[in-house]
Amino acid sequence: MRVLLVEDDELLGDGARAGLLQVGYSVDWLKDGLAAKHALETETFDIIVLDLGLPKLAGLELLRHIRAQGVATPVIILTARESVEDKIKGLDAGADDYISKPFDLDELYARIRALLRRRSNRAQPIIAFANLELDPASHTVKCDNELVSLPRREFALLHKLLENAGQVLSRDQLMQSLYSWDEEVDSNTLEVHIHNLRKKLDADYIRTIRGVGYMVEKR
Ligand code: CA
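Residues numbered from 1 in each chain as written. Predicted model: local features only at pLDDT ≥ 70, side-chain atom pairs only at ≥ 80, totals over all residues. Heavy atoms only, no water.

1. As for the coordination of the calcium ion
The condition that has to hold: Donor criterion used throughout: N, O or S atom within 2.8 Å of the metal, extended to 3.2 Å for Na, K and Ca. Water excluded; incomplete-looking sites may result. Each helix corresponds to a stretch of at least 4 residues labelled H or I by DSSP, and each strand to a stretch of at least 2 residues labelled E; elements are numbered beginning at the N terminus.
The coordination sphere of the calcium ion, as far as protein atoms go, consists of Asp-8 (OD), Asp-51 (OD) and Gly-53 (O), spread over 2.2 to 2.3 Å. Mapped onto the sequence, the donors of the calcium ion take the spacing D-x42-D-x1-G. Highlighted residues: Asp-8 in the loop between β1 (2–6) and α1 (10–22) and Gly-53 in the loop between β3 (47–51) and α3 (59–68), separated in sequence by 45 residues.

2. Let's talk about α3
Structurally, the α-helix is built with 3.6 residues per turn, so residues lying three or four positions apart point the same way. Convention followed: Exposed residues in this analysis have more than 50% of their type's maximum accessible area, buried residues have under 20%, and partly exposed residues fall in between, with area computed by a 1.4 Å probe over protein chains only. By construction, the arc corresponds to the directions joining the helix axis to the C-beta atoms. We call two residues contacting when some pair of their heavy atoms lies within 4.5 Å.
Buried within α3 we find Gly-59, Leu-60, Leu-62, Leu-63 and Ile-66. Buried residues of α3, viewed axially, fall in a sector of 160 degrees; they line one side. Taken together, the buried residues of α3 touch α2 (33–42), β3, β4 (75–80) and α4 (84–92).

3. As for the side chain of Glu-163
Tracing the backbone shows Glu-163 in helix α6 (residues 152–163). What Glu-163 contacts, discounting residues up to four positions off in sequence, is Met-1, Leu-116, Ser-120, Arg-122 and Ile-127.

4. Things to note about the packing of α2 against α3
Stated precisely, the cut-off is as follows: Angular values range over 0 to 180 degrees, each being the angle between N-to-C directions of two axes fitted as lines to C-alpha atoms, with helices fitted over their stretch in contact. Working rule for angles: under 35 degrees goes down as roughly parallel, over 145 as roughly antiparallel, 65 to 115 as roughly perpendicular, anything else as oblique. Two helices that cross are described as forming a left-handed crossing if the nearer one is turned anticlockwise from the farther one by less than a right angle, and a right-handed crossing if clockwise. Note on residue categories: nonpolar means Ala, Val, Leu, Ile, Met, Phe, Trp, Tyr, Cys or Pro, charged means Asp, Glu, Lys or Arg, and polar means any other residue, Gly included.
Between α2 and α3, the least distance of the axes is 10 Å, while the angle of their chain directions is 15 degrees. Looking at the two axes, α2 sits roughly parallel to α3. Relative to α3, the crossing made by α2 is right-handed. In this structure, α2 contributes Gly-33, Ala-36, Lys-37 and Leu-40 to the contact, and α3 contributes Leu-62, His-65 and Ile-66. For the contact of α2 with α3, a count of residues per class yields four nonpolar, two polar and one charged.

5. Details of the environment of Ile-66
With respect to the helices, strands and loops of the structure, Ile-66 is situated in helix α3. Linking Ile-66 and Glu-191, residues 125 residues apart in sequence, is a C-alpha distance of 32 Å.

6. Notes on the sheet that holds strand β7 (residues 132–135)
How we decide: Each pair of strands is called paired provided DSSP finds at least two bridges between the two strands.
Sheet architecture is open: four strands sit in the order β6-β7-β8-β9, paired in antiparallel fashion. Of all strands in the sheet, those with a lone pairing partner are β6 (127–129) and β9 (146–148), marking the two edges. Direction aside, the axes of adjacent strands within the sheet are offset by 25 degrees on average. With three bridges connecting them, strand β8 (residues 140–143) and β9 associate as antiparallel partners. Each residue of the ladder has a partner; that of Cys-143, found in β9, is Glu-146.

7. Considerations on empty space enclosed by the protein
Rules: Here the term cavity refers to a set of points on a 1 Å grid, laid over the protein atoms alone, in which a 1.4 Å probe fits but cannot get out; the term pocket refers to an open set having protein on both sides within 12 Å along at least five of seven lines, with lining residues being those that place an atom within 4 Å of a point. Grid points are joined across faces, edges and corners, and a volume is the space filled by probe spheres set on the points.
In total, this model carries one cavity of 30 Å³ or more according to the counting rule given. Within this model, the largest cavity holds a volume of roughly 40 Å³. Considering the residues around the largest cavity, the lining is formed by Met-1, Gly-24, Tyr-25, Ser-26, Arg-152, Arg-153, Ala-156, Ser-177 and Leu-178. Only α6 and α7 (171–178) provide two or more residues apiece to the lining of the largest cavity. Examining the composition of the lining of the largest cavity, we find that three residues originate from one element, α6, more than from any other. A breakdown of the residues in the lining of the largest cavity according to their chemical character gives four nonpolar, three polar and two charged.

8. Some details on the sheet that holds β1
Ordered by their spatial adjacency, five strands build an open sheet running β2-β1-β3-β4-β5, and the pairing between neighbours is parallel. Either end of the sheet is taken by a strand with one partner, and the two such strands are β2 (26–30) and β5 (97–101). The mean inter-strand angle of the sheet, taken between neighbouring strand axes irrespective of direction, is 20 degrees. Sheet topology note: the β1/β2 ladder contains five bridges and is parallel. Looking at β2, one finds that Val-3 is bridged to Val-27. Along the sheet, helix α5 (residues 105–119) contacts β3, β4 and β5; its crossing angle with β5, the most-contacted strand, is approximately 175 degrees.

Dropping the structure here:
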């Protein structure tokens, strides 16, 4: 899962970026509203974490703009603890949630998980599929009730595929969800991850859609 973090505070941004990377997200961190606006014209993200007080283009304006453009990506705004007004304005401009600064990283992760869950209309925190159970909170996968250890990217890929079961995901969508734009990636990386997942999980339900990408068949 890929997060766009828009925050001009170096310390806070650096901490959030490092934390999100550590728990398995790929992260693109931008420090002004205009750069984020441009990024959102060409890239897709799974979650946007957006500060409101930003140079060049304010967070609230950016939020209104992307919603008007039809970008439906869940947005968590970062607000000052005391500012009820910011929270209301943000939510009314299209934010899905807010978190008050200074915030606890664990709370941010939990809010992200909750938004991803809501987006995929899932009632249960754990994603159950065929003989699999994937727990986004503990980052664990069980296959036939046995824990399977997956590297970070394979876990993220499986998570993305399961969250979108029944839909074809293009190679581009999957790659964008796995890697931030400053990462160098081999052209066959995705195929290697898919191959590993199929082998480790005996996952014949991950289908190759020739010339397009991959999908997990709905069961
Ligand atoms: Ca700021």
